[in-house]
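Next come the chains, spelled out residue by residue.
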Amino acid sequence: MTETTRTATRVGDEYAAQLAEFSDEWAEIHRQQAVLDARKARLLARSAAYADAFADVTVPAIFPPAERQALSRRSTCAALAMATRIPERTIQRATNDAERLVNDAPAVLASLEAGRISARHAQVITDQLSDVPDAGRAVFLDQVLPVAESATVSHLRQRARVLRERLHPESITARAARSEADRRVEFEPAADGMAWVHLFTTAPIAQGIIERVEAAAAESRKVGDTRTRTCAQLQADALAALALTGVTPEDVMTSPVLPHPIEVQEHIKPTVQITVPALSMAGVSDAPAALDGYGPIDPETAARIAVNAPSFTRILVQPETGSVLSVGRSQYRVPADLQRAVRLRDGTCRAPGCGRRARACDLDHSVAWENGGTTDVGNLACLCRHHHRMKHLPGWNLDHGPGGVLDWTTPDGKRHRTEPDPAPF
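The sections below set out a description of the structure shown in this document. Predicted model, so just to flag it, every value in this text is computed and none were measured.

Basis of the calculations
- Numbering of residues starts from 1 in each chain and follows the order in which that chain's sequence is written.
- Given that the model is predicted, a residue must reach a pLDDT of at least 70 before its local features are reported, and side-chain atom pairs must reach 80 or more before they are shown or counted; all residues, however, enter totals for whole chains, interfaces and linings.
- As a rule here, side-chain values cover all heavy atoms of the structure and leave hydrogens and water aside.
- In this analysis, rings of Phe, Tyr and Trp, with Trp reduced to its six-membered ring, are considered paired at centre separations within 6.5 Å, and the interplanar angle assigns stacked below 30 degrees, edge-to-face beyond 60, and tilted for intermediate values.
- For every residue, the accessible area (1.4 Å probe, protein chains only) is compared with the maximum for its type, and the residue is labelled buried under 20%, exposed over 50%, or partly exposed between those bounds.
- In what follows, salt bridge is the name for a side-chain nitrogen of Lys or Arg lying within 4 Å of a carboxyl oxygen of Asp or Glu.
- Runs of H or I in DSSP of at least four residues are treated as helices and runs of E of at least two as strands, each being numbered from the N terminus.
- What counts as an axis is a line fitted to C-alpha atoms, over the stretch in contact for a helix, and the angles between N-to-C directions run from 0 to 180 degrees.
- By the definition adopted for this analysis, an angle is roughly parallel if under 35 degrees, roughly antiparallel if over 145, roughly perpendicular if from 65 to 115, and oblique otherwise.
- The crossing is said to be left-handed when, going from far helix to near helix, the turn is anticlockwise and less than a right angle, and right-handed when the turn is clockwise.
- By definition, residues are in contact when any of their heavy atoms lie within 4.5 Å.
- The residue classification treats Ala, Val, Leu, Ile, Met, Phe, Trp, Tyr, Cys and Pro as nonpolar and Asp, Glu, Lys and Arg as charged. All others, Gly included, are polar.
- Expected span, for any helix, means 1.5 Å times one less than how many residues it has.
- Picture the helix axis, draw a direction to every C-beta atom, and the arc is the one those directions span.
- Cysteine sulfur atoms are paired as a disulfide whenever they come within 2.5 Å of each other.

**As for the packing of aromatic side chains**
Point 1. Applying the stated criterion across every chain yields a total of two aromatic pairs.
Point 2. Consider the rings of Y50 and F54, whose centres lie 5.9 Å apart with planes at 5 degrees: the pair is stacked.
Point 3. On the basis of relative accessibility, which here comes to 52%, the residue Y50 falls in the exposed class.
Point 4. Look at F54 and you get partly exposed, because its relative accessible area is 40%.

**A look at the pattern of salt bridges**
Point 1. Counting across every chain of the model gives 19 salt bridges.
Point 2. Across the salt bridge formed by E28 and R31, the nearest N and O atoms sit 2.8 Å from each other. Placement of the pair is E28 and R31 together in helix α1 (residues 3-53), with a separation of three residues, close to one helical turn.
Point 3. Residue class for E28 comes out partly exposed when judged on its relative accessible area of 30%.
Point 4. Assessed through its relative accessible area of 33%, R31 is described here as partly exposed.

**Side note on the packing of helix α3 (residues 65-84) against helix α4 (residues 88-104)**
Point 1. Their axes nearest at 9 Å, the elements α3 and α4 cross at an angle of 115 degrees. Taken together, the axes of α3 and α4 lie roughly perpendicular to each other. For the crossing formed where α3 meets α4, the hand is right-handed. For the pair formed by α3 and α4, the contact residues are R73, R74, C77, A78, L80 and A81 on the first element and E88, I91, Q92, T95, N96 and E99 on the second.
Point 2. Split into classes, the residues belonging to the contact of α3 with α4 amount to five nonpolar, three polar and four charged.

**Remarks on α4**
Point 1. The first and last C-alpha atoms of α4 sit 24 Å apart over 17 residues, in line with the 24 Å expected at 1.5 Å per residue.
Point 2. Among all positions in α4, only E88, I91, Q92, T95, A98, E99 and L101 are buried.

**Quick word on helix α11 (residues 231-244)**
Point 1. The end-to-end C-alpha separation of α11 is 20 Å, in line with the 20 Å expected for 14 residues at 1.5 Å each.
Point 2. Turning to α11, its buried residues are L234, D237, A238 and A241. Projection of α11 onto a plane perpendicular to its axis shows the buried side chains occupying an angular sector of 105 degrees, all on one side. Relative to its buried face, α11 has exposed residues pointing more than 90 degrees away, namely A232 and A243.

**Quick notes on the state of the cysteines**
Point 1. Going through the model one piece at a time under the given rule, you end up with zero disulfides.
Point 2. Of the cysteine sulfurs around C349, a residue in no disulfide, the closest is that of C354, at 3.7 Å.
Point 3. Classification of C349 by relative accessible area gives buried; the value is 2%.

Structure, rendered in structure tokens:
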């Protein structure tokens, strides 16, 4: 063997040994994570059981029994969420998943605790198991768990869906009709003035929308798009034009060039609230504006939207201190000035971790009116209906300090503070 060959062999051996060390440690970390995930599941399931057991003690009897249990659970989830700065809905979903795992699939939980599967594998199984009839659950688990212990999550999901269909006594037609009730649209802000719009609807409608968007984009591209947009950009512009201006593939055939997003924005007739730094309004600064419910947008877009808004509240802020200079009077509510001041200050529900917009919240008296509380900025805060009700449950306490600072105390005695956000820029 030559020296070069010996060197190559030595280097290869060293690499293999190091790679083995990496892969072993990576596998061990995942095993430990699985153990912790199983521990989380047991804890959440146990917390839900306690919430149910103590519902009659922790929730006033003025609520009916079923509602007392729901409020007790939500109160428990809220305390856990605030302790870890995790959204309440995330904790609620995790609790529901944990109960299915612990109560309905103990063998899957045992596999998770042993590190043979991951939490994602367990989630796939419990998601499919929730719609398998009781008579077929044992068979489903016996057949799907070995797959989970030897396959990727993607492969497991495919196999589990097939097995679920095979064991389900109800037709897919009946289940599809039931699932149709869950259709919805969701808005998700993204960075740099962009956002996602998610549509959850029936598969035929979703496919029809995609085909119409692709047809419009393809027609525009075929005749030569003068703006040199990519296929992805054309499809996005086609959907925006379809939703806001009614442009269809047939329209594209007669006027092939799809409108640009700037042109489409002219059709927006919103009721919006935009906070604009005073110097930006004067045209001597390019500091971003803030669109209510989204966040920072460029001043040019803010001005363009404002032109077409029939109901528009313009809020000027002092550029150095960020204090409010003026609030437009074109939108009126009773009492208008006080509501605007509180909603502007709070922005969202003031419960820790809650992001519901202030305009969708109740204006809550921190000190109740019947207890001598006053109706002013120093005693009002935006709370969503859920947290408004929860605030009055035994064990919860809310102190309203100067400047809109709220100090929350949860039933486990922990304290959490929320403060109004400063002016955006």
